Amino acid sequence: MNLSLYLLTVLIWGTTWIALKWQLGVVEIAASIVYRFGLAALVLFVLLLLSRKLQVMNRRGHLICLAQGLCLFCVNFMCFLTASQWIPSGLVAVVFSTATLWNALNARVFFGQKVARNVLLGGGLGLMGLGLLFWPELAGHSASPETLMGLGLALLGTLCFSAGNMLSSLQQKAGLKPLTTNAWGMAYGASMLALYCVVQGIPFGMEWNTRYIGSLLYLVIPGSVIGFTAYLTLVGRMGPERAAYCTVLFPVVALNVSALLEGYQWTAPALGGLVLVMLGNVLVFRKPRAITPVSPLLEPKQI
């Protein structure tokens, strides 16, 4: 089950980049995010009500969902999509992949979980691999105030993503399933962002063509309803630090899709980076060796 959820998450979120790209244009970024998570919340609520699986939450559960919606389905996406206007997408991917390390650190701070050495080593290898994968893009980008702003937003988005992971883990420890918490979280996130749009005077336009509507539906159903449910279920089953290694593998899938659809050419450094990413994946999911207890030299006499 863990492997199926992991592969499903990587494949879905590794292909949503092209749908996000097709969203950019006439419709404002914030409005597109409202449409995405507002519709995803509606779909989840309908499915949960029809199947009678919508769990009842107390005030604490709703407050955590409110915070999760702010982190995962609002600020997170605003940060990354805005950062992409100022810094290369490869740099955004590298910053986002640090979620593995942030999740390990936050799990240690908030839940007292021991940070496994193989997770840190694997996350480090993944970061190095992504650096090689996107090296031409990174090397050709000059430093500027906009670059620093973009980096800051990308880092803030990653921290919000990690915080959302911790909140989901907390909800699952309380017995609440991701389907229910995602439905409320997406509804809260979309509502807060819609309020921001109204205050800032951001228009709720629409681009009525196959490209925009098709990409929106892909982001709503596979990208949000299925993707976030699979990923946050992994957070509860495997721990946030291991589940977050998905963020290192997304760009690898995205580059393969780009090679197929946009003519991306694999280079020797990029292939080396791919090897490092895969080695990091092996390290992250390697089970620690069981320590064999050493029998004492002197056994107490049996009475």
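Everything that follows concerns the structure shown earlier in this document.
Residues numbered from 1 in each chain as written. Predicted model: local features only at pLDDT ≥ 70, side-chain atom pairs only at ≥ 80, totals over all residues. Heavy atoms only, no water.

## Things to note about the overall build of the protein
Part 1 of the argument: The helix and strand tally for the protein stands at 13 helices and 0 strands.
Part 2 of the argument: Its helices and strands in sequence order give the protein the pattern α-α-α-α-α-α-α-α-α-α-α-α-α, from N to C terminus.
Part 3 of the argument: In summary, the protein has a C-alpha radius of gyration of 21 Å against a globular reference of 19 Å for 303 residues, a match within 12%.
Part 4 of the argument: Of the accessible surface of the protein, which amounts to about 15,700 Å², a share of 69% is contributed by carbon and sulfur atoms.
Part 5 of the argument: The distance from the centre of the 18 positive side-chain charges to the centre of the 7 negative ones in the protein is 19 Å. (Helix = DSSP H or I, 4+ residues; strand = E, 2+ residues; numbered from the N terminus. Rg over C-alpha atoms; globule rule 2.2 N^0.38 Å. Areas by Shrake-Rupley, 256 points an atom, 1.4 Å probe, with all protein chains shown as cover. Lys, Arg positive; Asp, Glu negative; His and termini not counted. Charge placed at Lys NZ, Arg CZ, Asp CG, Glu CD.)

## What to know about the environment of F161
Part 1 of the argument: For F161, the location among the structural elements is in helix α8 (residues 145-173).
Part 2 of the argument: Once the C-alpha coordinates of F161 and Q68 are considered, the two residues, 93 residues apart in sequence, prove to be 9.0 Å apart.
Part 3 of the argument: With residues up to four places along the chain from it excluded, the contact list for F161 reads W13, L72, N76, F96, A99, Y231 and T247. (Contact = heavy atoms within 4.5 Å.)

## Considering the packing of helix α3 (residues 59-83) against helix α9 (residues 178-200)
Helix-helix packing: each pair is described by the crossing angle between the helix axes and the interaxial distance.
Part 1 of the argument: One can describe the packing of α3 onto α9 by two numbers: an axis separation of 7 Å at closest approach and a directional angle of 60°. Comparing the axis directions of α3 and α9 gives the class oblique. Here α3 runs over α9; the crossing is right-handed. Together, H62, C65, L66, Q68, G69, L70, F73, C74 and M78 of α3 and T181, N182, W184, G185, M186, Y188, G189, M192, L193 and Y196 of α9 make up the contact between the two elements.
Part 2 of the argument: When its residues are assigned to classes, the contact of α3 with α9 shows 12 nonpolar, 7 polar and no charged. (Axes fitted to C-alpha atoms, helices over the stretch in contact; angles between N-to-C directions. Parallel < 35°, antiparallel > 145°, perpendicular 65-115°, else oblique. Left-handed = near helix turned anticlockwise from the far one by under 90°. Nonpolar A, V, L, I, M, F, W, Y, C, P; charged D, E, K, R; others polar.)

## A closer look at empty space enclosed by the protein
Part 1 of the argument: Counted according to the given criterion, the structure contains 1 cavity of 30 Å³ or more.
Part 2 of the argument: What the largest cavity holds in volume is close to 100 Å³.
Part 3 of the argument: What lines the largest cavity is simply L20, Q23, L24, I29, S32, I33, R36, F37, F77, L81 and L219.
Part 4 of the argument: Elements represented by at least two residues in the lining of the largest cavity include exactly α1 (2-23), α2 (29-51) and α3.
Part 5 of the argument: Here the lining of the largest cavity gets 5 residues from one element, more than from any other, and that element is α2.
Part 6 of the argument: Partitioning the lining of the largest cavity into residue classes produces 8 nonpolar, 2 polar and 1 charged. (1 Å grid on protein atoms, 1.4 Å probe; cavity = no way out; pocket = protein on both sides within 12 Å on 5 of 7 lines; lining within 4 Å. Points joined across faces, edges and corners; volume = space filled by probe spheres on them.)

## Considering the packing of aromatic side chains
Part 1 of the argument: Per the counting criterion, the structure on display carries 14 aromatic pairs.
Part 2 of the argument: With a centroid separation of 4.9 Å and 75° between ring planes, the pair formed by F96 and F161 is classed as edge-to-face. Placement of F96 in helix α4 (residues 89-96) and of F161 in helix α8 is noted, with a sequence separation of 65 residues between them. As far as burial versus exposure is concerned, F96 and F161 are alike and both buried.
Part 3 of the argument: Put simply, the rings of W13, F37, F73, F77, F80, F96, F161, F228, Y231 and F250 touch in pairs and so form one group of aromatic residues.
Part 4 of the argument: Stacked on the ring of F111, the Lys or Arg K173 has its end atom at 5.3 Å from the ring centre. (Phe/Tyr/Trp six-rings, centres within 6.5 Å; stacked < 30°, edge-to-face > 60°. Buried < 20%, exposed > 50% of the residue type's maximum accessible area, 1.4 Å probe, protein only. Lys NZ or Arg CZ within 6 Å of the ring centre and 35° of its normal.)

## Here's the deal with the packing of α1 against helix α10 (residues 210-238)
Part 1 of the argument: Between α1 and α10, whose axes approach to 8 Å, the crossing angle comes to 150°. Classified by the angle between their axes, α1 and α10 sit roughly antiparallel to one another. Crossing of α1 over α10 shows left-handed handedness.
Part 2 of the argument: When the residues that make up the contact of α1 with α10 are grouped by side-chain class, the tally is 19 nonpolar, 9 polar and 2 charged.

## Considerations on the side chain of T98
Part 1 of the argument: Examined against the element boundaries, T98 turns out to sit in the loop between α4 and α5 (99-111).
Part 2 of the argument: On the accessibility criterion, T98 (16% relative accessible area) is buried.
Part 3 of the argument: Residues in contact with T98, not counting those within four places in the same chain, are L127 and T158.

## Digging into the nonpolar core
Part 1 of the argument: With 74 residues, the main nonpolar core has I33, F37, L133, M186, F228, Y231 and V277 as its most contacted residues.
Part 2 of the argument: Looking at which element gives the most residues to this core, the answer is α2, with 12 residues.
Part 3 of the argument: The contact partners of F37, leaving out residues within four places of it in the chain, are F73, F77, M186, A190, S224 and F228. (Core = buried A, V, L, I, M, F, W, Y, C linked by side-chain atoms within 4.5 Å.)

Everything listed here is a matter of coordinates, which is why it stays silent on function.
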